[in-house]
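# A look at the structure
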Amino acid sequence: MAERTQPPQGIDDVDAVTRAVLTASRLLVAVSARSLAAVEDRVTLAQFRLLVVLSTHGSAKLVVLADRLGVNPSTAMRMIDRLIAAGLADRQINPANRRETVLQLTDEGRRLVEHVTSKRRQEIATIVERLAPEQRSALIDALTAFTEAGGEPPVEAGERGPLHPLGWADIPTGRDE
């Protein structure tokens, strides 16, 4: 195991924590990439992110979906058209307002999101199992504080559902596609 260095007494450890979080994020990105590798022939990362948003929030109008993704509606429309062609999403008339259409996951789209999320969960669990119980406890405390400081809602115990399986549901990437 790598040796941990403690900052000298009285010195702010923001830089040390930032480096540790960046290192951990590299690991998590690698885990995410591996979980997506099995479906990369079917969807791009941006398209998968759209599926996650639909999984997280349920059916939505195009403008709402584009806003949640942080992209232009025309970009969201192109993405959704490709996902509809692939059988992963569809359009339906909004029963509450028949002049509107809403976008939603198909059963196949839901299975794809669940499959990727399950693979990611399994790999993370394997890593966590390598930690001693006291390290797990410390990690829970640290990550809980970190996600609370970042405004991320918690995933409830035992939850395997769609809530923020990737953590991308409301975070714009800065890229349209």
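Structure first, text after, so check above.
Computed from a predicted structure; not experimentally measured. (Residues numbered from 1 in each chain as written. Predicted model: local features only at pLDDT ≥ 70, side-chain atom pairs only at ≥ 80, totals over all residues. Heavy atoms only, no water.)

### Some thoughts on a nonpolar patch on the surface
Defined as follows: Nonpolar side chains (Val, Leu, Ile, Met, Phe, Trp, Tyr) are joined into patches within 5 Å and like charges within 9 Å, using only residues with over 30% relative accessible area and no salt bridge. Accessible areas in this description were obtained via Shrake-Rupley with a 1.4 Å probe; residue shielding takes into account the shown protein chains only. Any carboxyl oxygen of Asp or Glu that lies within 4 Å of a side-chain nitrogen of Lys or Arg is treated as forming a salt bridge with it. Per the convention used, a helix needs a DSSP run of H or I reaching at least four residues, while a strand needs a run of E reaching at least two, with both numbered from the N terminus.
On the surface, a nonpolar cluster with roughly 270 Å² of combined accessible area is contributed by L139, L143 and F146. Note on placement: L143 falls in helix α6 (residues 133–150).

### Quick word on the pairing of strand β2 (residues 97–105)
As a reminder of what qualifies: Strand pairing follows a simple DSSP-based rule, namely that at least 2 bridges must link the two strands.
Two strands pair when backbone bridges link them, and strand β1 (residues 89–94) and β2 are joined in this way by six bridges, in the antiparallel orientation. Looking at β2, one finds that D90 is bridged to Q104. Connecting β1 to the antiparallel partner β2 that follows it, the hairpin turn spans two residues.

### Topic: the packing of helix α2 (residues 45–57) against helix α5 (residues 107–129)
Threshold: Here an axis means a line fitted to C-alpha atoms, over the contact stretch when the element is a helix, while the angle between two N-to-C directions is reported on a 0 to 180 degree scale. What sets the label is the angle itself: under 35 degrees gives roughly parallel, over 145 gives roughly antiparallel, 65 to 115 gives roughly perpendicular, and the rest give oblique. Contacts between residues were defined by any pair of non-hydrogen atoms, one from each residue, lying within 4.5 Å. Each residue gets one label: Ala, Val, Leu, Ile, Met, Phe, Trp, Tyr, Cys and Pro are nonpolar, Asp, Glu, Lys and Arg are charged, and the others, such as Gly, are polar.
At a minimum axis separation of 10 Å, α2 and α5 run at an interaxial angle of 105°. Comparing their axes, α5 and α2 come out roughly perpendicular. Residue-level inspection shows F48, L51, V52 and S55 of α2 in contact with α5, the latter providing L112, V113 and V116. Grouping the constituent residues of the contact of α2 with α5 by class yields six nonpolar, one polar and no charged.

### Remarks on the nonpolar core
The cut-off we apply is this: Each nonpolar core is a collection of buried residues, namely Ala, Val, Leu, Ile, Met, Phe, Trp, Tyr and Cys, held together in the definition by side-chain atoms within 4.5 Å. In this scheme, a residue with accessible area under 20% of its type's maximum is buried, one over 50% is exposed, and one in between is partly exposed, where area comes from a 1.4 Å probe on protein chains only.
The biggest cluster of nonpolar side chains holds 26 residues, and the ones touching the most others in it are V43, F48, L50, L51 and L65. Elements that contribute at least two residues to this core include exactly α2, α3 (62–69), α4 (73–85), β2 and α5. The element contributing the most residues to this core is α2, with seven residues.

### Structural notes on the pattern of salt bridges
Tallying each qualifying case throughout the model produces five salt bridges. Note that E100 is salt-bridged to K61, the shortest N-O span being 3.4 Å. Note that E100 is positioned in strand β2 and K61 in the loop between α2 and α3, a separation of 39 residues in sequence. Residue K61 is classed as partly exposed on the basis of its relative accessible area, which comes to 33%.

Any link to function would need more than the numbers given here.
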